[in-house]
Each structure stands twice: as C-alpha cells, then as structure tokens.
Amino acid sequence: MTDREGDYEVGYGRPPKASRFKPGHSGNAKGRPKGAKNLATDLAEELGETIRIREGDRELRVSKQRAMLKALVAKALKGDARAASLLIALVAKATLDDPGVGPGAHAPLAETDRQILDDYLARGRQQTPSNPTSSTGES
C-alpha cells in the first residue's frame, strides 16, 4: 500500500478504474423487477381471496383464510384432537402476538395482589442458594 492518494494499485477488491460501475448505473441491471412478490405476499393475497361457502341453509362469501378457520373449528368441535391442539396453538400465538390481548394488556394488579406477588418472588429468591458450593444441605 502506498500513502499517496493519486496512486491506485489494481488487485483483490480493487478493480481497474475503467471497469468500475459508473455512478447511476446498476451492477445488476436485470435484477429483481419492481413489484416482484415474495412468498409471504402471495400467501396473504391467496388467503385473502373470497369464496362461497354454505353454512346451514345460507350461503356466505368469506375469505379462504376464514373458511379454513371455520373448518378447523368444526373439526375440533367434532372431537378431532389434532385439530383441537392446532386451534389452541393458533389462539395462543394470536393472543401473544396481539399487544392488545396478550399478557400485560389486562387491567393493572390491585396493590394487595402486587404485594402478594412481590412477597412470593422474594421468598423464591431466598430459597435459591446464591453460592451452590457453600450449600450444606440443610432445609
């Protein structure tokens, strides 16, 4: 390496100045076209399309996603254990991901409840040995 800025050495990671990309010109001119969709976008669009379903004696137009959920709930209600477990997992994930529904979204604890929890946590910390090598085995 030289200290002179005007000096330019061609080598690894330093192509000749004449063969560099010119400003405003892409190195991947035929790359991803604008508006190209990924799998998540395609899936969301597909599940968002509406279809007609029969529910009892009436016909409804619902999204494919909604129709799948209705079918899953119906199977779970009929006693399908796999459908029930999948439904419970979906409900848990949906409620944990939704900030308005998950833990901490409920009304704040009353002062007495907060005190009970604090006491419980403090007792738990006292019972946990801080230095496991000095434990004598006493209870």
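These remarks concern the structure in this document.

## Some thoughts on the environment of Arg 82
One can find Arg 82 in helix H3 (residues 81–97). Residue Arg 82 is classed as exposed on the basis of its relative accessible area of 72%. Each C-alpha atom, one on Arg 82 and one on Leu 72, is 9.7 Å from the other, the two residues being ten residues apart in sequence.

## A closer look at a nonpolar patch on the surface
On the surface, Leu 69, Leu 86 and Leu 90 cluster together into a nonpolar patch covering about 240 Å² of accessible area. Tracing the backbone through its elements, the reader meets Leu 86 in helix H3.

## Some words on the pairing of strand S1 (residues 50–55)
Strand direction decides the pairing type here: S1 and strand S2 (residues 58–63), joined by six bridges, are antiparallel. When the bridges of S2 are listed, Thr 50 appears paired with Ser 63. Counted between consecutive antiparallel strands, the loop separating S1 from S2 contains two residues, among which Gly 56 sits at a positive phi close to 70 degrees.

## Remarks on H3
Between its terminal C-alpha atoms H3 stretches 24 Å, which fits the 24 Å expected from 17 residues at 1.5 Å a residue. With a side-chain oxygen positioned 3.0 Å from the backbone nitrogen of Arg 82, the residue opening H3 is Asp 80.

## Examining helix H2 (residues 64–77)
Within an α-helix, residues lying three or four positions from one another point in the same direction, as the helix has 3.6 residues per turn. For H2, which comprises 14 residues, the first-to-last C-alpha distance of 20 Å matches the rise-based estimate of 20 Å (1.5 Å per residue) to within 8%. Here H2 has its buried residues at Ala 67, Leu 72 and Ala 76. The inward-facing, buried residues of H2 contact S1, S2 and H3. After H2 finishes, the residue Gly 79 shows a positive phi value of roughly 105 degrees.

## Things to note about the pattern of salt bridges
A complete count under the given rule lists six salt bridges for this structure. The salt bridge partner of Arg 52 is Glu 59, with a shortest N-O separation of 3.8 Å. The exposure class of Glu 59 is partly exposed, given its relative accessible area of 47%. Because the salt bridges share partners, they merge into one network encompassing Glu 46, Glu 49 and Lys 64.

## Some remarks on the packing of H2 against H3
Where H2 contacts H3, the axes come no closer than 8 Å and their chain directions differ by 125 degrees. Considered as vectors, H2 and H3 are oriented oblique to each other. In this structure, the crossing between H2 and H3 has a hand that is left-handed. Counting all contacts with H2, which are made through Leu 69, Leu 72, Val 73, Lys 75 and Ala 76, the residues of H3 involved are Ala 83, Ala 84, Leu 86, Leu 87 and Leu 90.

Each value, and the rule that gives it
- Residues numbered from 1 in each chain as written.
- Predicted model: local features only at pLDDT ≥ 70, side-chain atom pairs only at ≥ 80, totals over all residues.
- Heavy atoms only, no water.
- Helix = DSSP H or I, 4+ residues; strand = E, 2+ residues; numbered from the N terminus.
- Buried < 20%, exposed > 50% of the residue type's maximum accessible area, 1.4 Å probe, protein only.
- Patch = residues over 30% accessible without salt bridge, like charges linked within 9 Å, V, L, I, M, F, W, Y side chains within 5 Å.
- Areas by Shrake-Rupley, 256 points an atom, 1.4 Å probe, with all protein chains shown as cover.
- Salt bridge = Lys/Arg side-chain N within 4 Å of Asp/Glu carboxyl O.
- Pairing = 2+ DSSP bridges.
- Expected span 1.5 Å × (residues − 1).
- Polar contact = N/O pair within 3.5 Å; in protein donor to acceptor, adjacent residues only side chain to side chain.
- Contact = heavy atoms within 4.5 Å.
- Axes fitted to C-alpha atoms, helices over the stretch in contact; angles between N-to-C directions.
- Parallel < 35°, antiparallel > 145°, perpendicular 65-115°, else oblique.
- Left-handed = near helix turned anticlockwise from the far one by under 90°.

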